[in-house]
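Summary of the model geometry
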Amino acid sequence: MRINIHIVGVGGQGILTASKILANAALAEGLNVIMSEVHGMAQRGGVVESSVRIGDVHSPIIGNGKADVILSFEPLEAYRALDKANGNTKIVTNIEPMVPFTVTIGEGQYPPVAMMLEGMKKVTPYVHSFDAFALAREAGTEKAANVVMLGALSALDILPISPEKMKEMVGFTVPAKFRDVNMKAFDLGYKAVKG
Amino acid sequence: MDKLVHGEKGTKMMLLGNEAIVRGALEAGIGFSAAYPGTPSSEISDTFSRIAKDAGIHFEYSVNEKVAMETVAAVAASGVRAMTQMKHVGLNVAADAFMTSVYTGTRAGLVVVTADDPSMHSSQNEQDNRIYSKISGVPMLEPSSPNEAKEMARKAFEISEELELPILLRTTTRVSHVRGVVEFRERKEPRTKGHFEKAPFRFVTIPSVARKQHKILLEKEEKARKMADESEFNRIIGDGKIGFLTSGAAFNYLMEAVEDLHIDYKILKLGFTHPFPSGLFRDFIKNLEMLIVVEELEPYLEEYAYVYSRQDRPDLPIYGKYTGHFPRLYEYDPDVVERSISSVLGMEYRDPRPERSEIALPDRPPALCPGCPHRSTYYAVRKVFMKDKDKVVYPTDIGCYTLGIQPPYEIADYLLCMGSSIGSSNGFSEVTDQLPIAFIGDSTFFHSGVAGLINAVYNQKRLIYVILDNSTTAMTGHQPNPGMGKNGMGDIAPVVSIEDVVKGCGVKWVRTVDSYNLPELEKAFKEAAENDGVSVIISKHPCALLESAAKKKAGTFHTYRIDQDKCIHCHVCSKHLACPAIYISDEGLDIIDEKQCTGCGVCAAVCPAKAISEVK
């Protein structure tokens, strides 16, 4: 078994925390897991990528066309990551853009989100998109957007980790006073995919 | 109770490669570590700093890698197991001490971690530090995974003591920054106190001593070669006719490539890579049809493969970088390795990327954070010198502020290494008519800016040296430095005043200005430009990430908002100050994204229409 989850977004969105929760949940299920992450200069407002691979794996990096899931915290970054996708890849993406400063100062344009979602659907039919920040606000804090994304990931029926175990790991990781908010955020993300 | 320290034998934990190295050192009974932070090595030091008290050991931040190297060499010579860790280019700084510490040798285990950065995710070059083992004679271990990193860190102390030599533990970004399952062994009680038994004819490297010690070093290297031949870290996987020689991160990609390509393989996976295990290798190649060398960066193992195949298998075809099948540039990944192996074996390679519609995507390079005090300094510099930009040159240095290279600031003209902004300014000021305005951060100034500054005073240069003092080592994760009043153990420490150091170097013209105070900054720059000599401007304000966190904690945090009725759409805030928290909406309005705003208020200061104010 090999499950490849490619996680992308922008520095400061809580991507590493989400990736760690996912990896720890896999370990708690007794699975082998390997994860790569980005630190240092690249973190300063740039693209953040992390890969979580579960099962019979050696490489911490996912090869092109080999992602089972692309979990994206930002729509432009979901499109940028499409090289990792194939016709069966499940794409789960937040749709609220974070506009890079290059666009603000006039170097390039931010493509319409609908056009990018259309482009993703040409690669794979399995595209789930929703406003993760709005759901996080509904749960109580925008900061829980990463947990919304984990809830959505758990709803895909592709992980060898039960949604209960994942949720338990979220509760175990976040500070006690934010526990309820995050539990709610997880459920909202789950429902965003499961309906 | 930190599990990393107190986890018992058999505990399994998801650890970053860098954290695993600390656990390995603890299992070996390490007593002391000293280091200067540098990506991708920083989390080793962060972890030591976090757990030092709990584990009963000492950790300190050194001002630079050379001081760290000298410190740990003396500690280990006194009988306490010690480690220093640095990024690849950090070893260049430490190299002077490192090269000769091999001649004196060590008593207690001494491990030097070099974390290389193929692809230069956070570095100015991608030098392959394995070559340091070759020129120094230091035995080297190269892990492929976090668990192996832990095992090798532990074992390195034993090997070091047996050979009385320092050991180089070489990782890359994809080992240091990979998280994997690590299984704990028993932890040895640390020894933190020693005694230096004097032996000047070993430890004082005057020429007559050095000549003797070099001979001893070569004998130790021979002993180490036998250890490498028998090391548990060097193993053979599979039994095919196509042989692969590999080490480090490349091993991981190779394992998946041979499975995906259904190759009848036999892999020699090396972990103890210097001295090259020539005996093991000669056995390995006996019945092979061909040898393919899979390693990142330089053809390091490949050259040994040519040397040690000559005797028994001069006919053996060897494929790698010298045959042009594998790249010498950048880090590998599963695709690079699969494509390269396919080219050697004449197999068809299909690009695995899906077909997709071409949509032009804007870049998202790293940028100075919202509220960054470097941004307001650069804004002031641009305002003062924009029209004379051919009359000035901007040498920059290593830190967050290097991002000043991005538009719209474009304040970065020359950079070599830590400390080079002032060093290079010594040259520019002498042979050009351009005024050097050199930038450096507080931590980098302590690391290697002082010598260049003394040189400038002594040689009577005309230049402006801007010390961007945000009172932390921001880029690598906010580690303490001598200007902060805190040390690596988390205790209060004396503050070394940058202004006093500058004055002590003989600089007569020094101004300290708050980085958010634009009028004062502009005034300081104008006056400095008139000064005929060395001018130092200390632009001081805490890192925005730390300041906004502190404000949030104190309940005094407020974001800013643009009053659209007052806004005149001049875009000074969004395009000239270019704070990433301010964007232009589809309707052409400047909007502050309050998720990103850190409440610095600099946009309100630059707004000519006074349209920006605090949200209360």
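A quick note: this is a predicted structure, and the numbers were derived from the prediction, not measured.

**As for the overall build of chain B**
Broken down by element type, chain B carries 23 helices and 23 strands. Along the first, second and third principal axes, the C-alpha set of chain B runs to 80 × 70 × 55 Å. Looking at the 616 residues of chain B, the share that counts as buried comes to 60%. A total of about 24,600 Å² of accessible surface is found on chain B, and carbon and sulfur atoms cover 51% of it. Of the charged side chains in chain B, 71 are positive and 82 negative; the average position of the first set lies 4 Å away from that of the second.

**A short note on the layout of surface pockets**
Here the second largest pocket defines a volume of roughly 930 Å³. The wall of the second largest pocket is formed by 34 residues, among which A:Glu49, A:Lys84, B:Arg174, B:Glu331 and B:Asp333 lie closest to the centre. Listing elements by their share of the lining of the second largest pocket, those giving two or more residues are strand E1 (2-10), strand E3 (47-55) and helix H2 (75-80) of chain A together with helix H14 (334-345) of chain B. Broken down by element, the residue count for the lining of the second largest pocket peaks at four residues, all from E3(A). Taken together, the residues that form the lining of the second largest pocket break down as twelve nonpolar, eight polar and 14 charged.

**So, helix H20 (residues 518-530) of chain B**
All names here are of chain B. Over its 13 residues, H20 extends 19 Å from the first C-alpha to the last, a length consistent with the 18 Å expected when each residue adds 1.5 Å. For H20, the complete set of buried residues consists of Leu518, Leu521, Glu522, Ala524, Phe525, Ala528 and Ala529. Around the axis of H20, the buried residues are gathered within 160 degrees of arc, so they sit on the same side. Of the residues in H20, the exposed ones pointing more than 90 degrees away from the buried face are Pro519 and Glu530. In this structure, the buried side of H20 is in contact with helix H15 (373-385), strand E16 (435-441), strand E17 (463-469), strand E18 (509-514), strand E19 (534-540) and helix H23 (602-606).

**As for the domain arrangement of chain B**
Residue and element names in this part refer to chain B. Under the domain assignment, chain B is made up of domain 1 (3-230), domain 2 (235-345), domain 3 (373-549) and domain 4 (558-614). Taken together, the contact between domain 3 and domain 4 spans nine residues of the former and twelve residues of the latter. Where domain 3 abuts domain 4, roughly 840 Å² becomes buried across the two surfaces, and 72% of that area is made up of carbon and sulfur atoms. Interface area lost by domain 3 to domain 4 is led by Arg375, Tyr379 and Tyr516, which between them contribute 54%. Remark: the boundary between domain 3 and domain 4 carries zero salt bridges. Applying the counting criterion to the domain 3 and domain 4 interface returns four residue pairs in polar contact (both at pLDDT 80 or more). For the side of domain 3 that touches domain 4, the elements supplying multiple residues, two or more each, are H15 and helix H21 (544-554). Within the side of domain 3 that touches domain 4, the residues separate by chemical class into six nonpolar, two polar and one charged.

**Regarding the sheet that holds strand E9 (residues 235-238) of chain B**
All names here are of chain B. What the five strands build is an open sheet, ordered E9-E11-E10-E13-E14; its pairing is mixed. Lying at the two open borders of the sheet, with one neighbouring strand each, are E9 and strand E14 (318-319). Packing of H14 onto the sheet brings it into contact with strand E10 (242-247), strand E13 (290-294) and E14, and relative to E13 it is tilted by some 160 degrees.

**Some remarks on the nonpolar core**
All names here are of chain B. The biggest cluster of nonpolar side chains holds 108 residues, and the ones touching the most others in it are Phe48, Met83, Phe244, Leu245 and Leu291. Looking at this core, you find at least three residues from each of domain 1 (3-230) and domain 2 (235-345). For Leu291, the contacting residues outside a window of four places in its chain are Gly243, Phe244, Leu245, Phe281, Phe284, Ala305, Leu316, Pro317, Ile318 and Tyr319. Counting 71 residues, the second-largest nonpolar core is a separate cluster that includes Ala456, Val502, Ala524 and Val572.

**Description of the side chain of B:Asp442**
Mapped onto the fold, B:Asp442 is located in helix H17 (residues 442-448). Look at B:Asp442: it is buried, it has no salt bridge, and the nearest opposite charge is B:Lys540 at 7.1 Å.

**Comments concerning a nonpolar patch on the surface**
On the surface, B:Phe201, B:Val204 and B:Ile206 cluster together into a nonpolar patch covering about 290 Å² of accessible area. With respect to the secondary-structure elements, B:Val204 resides in the loop between helix H9 (200-203) and helix H10 (207-230).

**Some details on empty space enclosed by the protein**
All names here are of chain B. Summed over the entire model, instances satisfying the criterion amount to six cavities of 30 Å³ or more. In this structure, the largest cavity occupies an estimated 130 Å³ of space. Gly371, Leu577, Cys579, Cys600 and Cys603 are the residues nearest the centre of the largest cavity, which is lined by 19 residues in total. For the lining of the largest cavity, the secondary structure elements donating two or more residues are H15 and H23. Along the lines of polarity and charge, the residues of the lining of the largest cavity split into 13 nonpolar, five polar and one charged. Counting residues domain by domain, the lining of the largest cavity receives three or more from each of domain 3 (373-549) and domain 4 (558-614).

**A short note on the sheet that holds strand E8 (residues 178-183) of chain B**
Spatially, eight strands are ordered E6(A)-E5(A)-E4(A)-E1(A)-E3(A)-E2(A)-E8(B)-E1(B) in an open sheet, and the strand pairing comes out mixed. Because the sheet does not close on itself, it has two edges, and the strands there are strand E6 (127-130) of chain A together with strand E1 (12-16) of chain B. With direction set aside, neighbouring strand axes in the sheet form an average angle of 15 degrees. For strand E4 (residues 69-72) of chain A and strand E5 (residues 90-94) of chain A, the ladder comprises four bridges, and the chain directions are parallel. Directly across from A:Ile70, in E5(A), lies its bridge partner A:Ile91. Where helix H1 (residues 15-28) of chain A meets the sheet, its contacts fall on E1, strand E2 (33-36) and E3 of chain A together with E1 and E8 of chain B, and the angle it forms with E3(A) comes to roughly 5 degrees.

**Quick word on the pattern of salt bridges**
Residues and elements named next belong to chain B. Under the defined criterion, the tally for this structure stands at 53 salt bridges over all chains. Its salt-bridge partner being Asp128, residue Arg130 comes within 2.9 Å of it at the nearest N-O pair. With respect to class, Arg130 is no different from Asp128; both count as buried. Between Glu295 and Arg130 there is a salt bridge whose closest N-O contact spans 3.0 Å. With Glu295 in the loop between E13 and helix H13 (300-309) and Arg130 in helix H6 (residues 130-136), this residue pair connects regions lying 165 residues apart in the sequence. Judged on exposure class, the residue Glu295 and its partner Arg130 are both buried.

**Here we look at the pairing of E3(A)**
All names here are of chain A. In terms of burial, E3 is a largely internal element, seven of the nine residues being buried. Of the strand pairs in this sheet, E1 and E3 are connected by nine bridges, and their pairing is antiparallel. Residue pairing for E3: Gly9 is matched across the bridge by Val48. Pairing geometry for E2 and E3, over four bridges, is antiparallel. When the bridges of E3 are listed, Met35 appears paired with Val52.

Analysis parameters
Residues numbered from 1 in each chain as written. Chains lettered and ligands numbered in written order. Predicted model: local features only at pLDDT ≥ 70, side-chain atom pairs only at ≥ 80, totals over all residues. Heavy atoms only, no water. Helix = DSSP H or I, 4+ residues; strand = E, 2+ residues; numbered from the N terminus. Buried < 20%, exposed > 50% of the residue type's maximum accessible area, 1.4 Å probe, protein only. Areas by Shrake-Rupley, 256 points an atom, 1.4 Å probe, with all protein chains shown as cover. Lys, Arg positive; Asp, Glu negative; His and termini not counted. Charge placed at Lys NZ, Arg CZ, Asp CG, Glu CD. 1 Å grid on protein atoms, 1.4 Å probe; cavity = no way out; pocket = protein on both sides within 12 Å on 5 of 7 lines; lining within 4 Å. Points joined across faces, edges and corners; volume = space filled by probe spheres on them. Nonpolar A, V, L, I, M, F, W, Y, C, P; charged D, E, K, R; others polar. Expected span 1.5 Å × (residues − 1). Arc of directions from axis to C-beta. Contact = heavy atoms within 4.5 Å. Domains from an automatic or database assignment. Buried area = accessible area lost by both parts, 1.4 Å probe. Salt bridge = Lys/Arg side-chain N within 4 Å of Asp/Glu carboxyl O. Polar contact = N/O pair within 3.5 Å; in protein donor to acceptor, adjacent residues only side chain to side chain. Pairing = 2+ DSSP bridges. Axes fitted to C-alpha atoms, helices over the stretch in contact; angles between N-to-C directions. Core = buried A, V, L, I, M, F, W, Y, C linked by side-chain atoms within 4.5 Å. Patch = residues over 30% accessible without salt bridge, like charges linked within 9 Å, V, L, I, M, F, W, Y side chains within 5 Å.

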